[in-house]
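# Survey of secondary and tertiary structure
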Amino acid sequence: MEFTTGTTGGLFAAIVAIGVGALIVAPMMGPSTVLMMVLPSMVVFGLLTLILGVKHGEYRVKN
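What you see is a predicted model, and the numbers here were worked out from it, not measured in a lab.

### Digging into the overall build of the protein chain
A count of helices and strands for the protein chain gives two helices and zero strands. Relative to the globule expectation of 11 Å for 63 residues, the C-alpha radius of gyration of the protein chain, 15 Å, shows a markedly less compact shape. The principal-axis extents of the C-alpha atoms in the protein chain amount to approximately 45 × 20 × 15 Å. Looking at the protein chain residue by residue over its 63 residues, the buried ones come to 11%.

Right, dumping it as structure tokens:
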């Protein structure tokens, strides 16, 4: 599977959507809490780990 920018962005959005959807459906938190607090933190953490993973992959390819 070729991981282009579109593929990576689509998979990232799908993972975040599944996580947020599961938290909204589960009765542990209200939808406003999930959308205002959990969603932004999931996006920030996901982007940081994505960038770190890409940089590590580039390092592994070079060495």
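So much for the structure itself; the text now carries on.
### A word on a nonpolar patch on the surface
Taken together, the side chains of I24, L35, M36 and M37 make up a nonpolar region of the molecular surface, amounting to roughly 430 Å² of accessible area. Sorting elements by how many residues they give to the nonpolar patch places helix α2 (residues 31-62) first, with three residues. In this structure, M36 sits in helix α2.

### Some remarks on the pattern of salt bridges
Following the criterion strictly, the structure yields one salt bridge and no others. The residue K55 makes a salt bridge to E58 at a minimum N-O spacing of 3.5 Å. Taken together, the positions of K55 and E58, both in helix α2 and three residues apart, correspond to about one turn of that helix.

### Concerning the packing of helix α1 (residues 5-25) against α2
Relative to each other, α1 and α2 sit at 150 degrees, their axes nearing to 10 Å. Accordingly, the angle class assigned to the pair α1 and α2 is roughly antiparallel. The two elements α1 and α2 meet at a crossing, and its hand is right-handed. From α1, T8, F12, V16, G19, V20, L23 and I24 reach across to α2, where they touch P31, V34, L35, V38, L39, M42, V43, G46, L47 and L50. Within the contact of α1 with α2, the residues separate by chemical class into 14 nonpolar, three polar and no charged.

Criteria and thresholds
- Residues numbered from 1 in each chain as written.
- Predicted model: local features only at pLDDT ≥ 70, side-chain atom pairs only at ≥ 80, totals over all residues.
- Heavy atoms only, no water.
- Helix = DSSP H or I, 4+ residues; strand = E, 2+ residues; numbered from the N terminus.
- Rg over C-alpha atoms; globule rule 2.2 N^0.38 Å.
- Buried < 20%, exposed > 50% of the residue type's maximum accessible area, 1.4 Å probe, protein only.
- Patch = residues over 30% accessible without salt bridge, like charges linked within 9 Å, V, L, I, M, F, W, Y side chains within 5 Å.
- Areas by Shrake-Rupley, 256 points an atom, 1.4 Å probe, with all protein chains shown as cover.
- Salt bridge = Lys/Arg side-chain N within 4 Å of Asp/Glu carboxyl O.
- Axes fitted to C-alpha atoms, helices over the stretch in contact; angles between N-to-C directions.
- Parallel < 35°, antiparallel > 145°, perpendicular 65-115°, else oblique.
- Left-handed = near helix turned anticlockwise from the far one by under 90°.
- Contact = heavy atoms within 4.5 Å.
- Nonpolar A, V, L, I, M, F, W, Y, C, P; charged D, E, K, R; others polar.

Take it as geometry only, folks, not as evidence of what the structure does.
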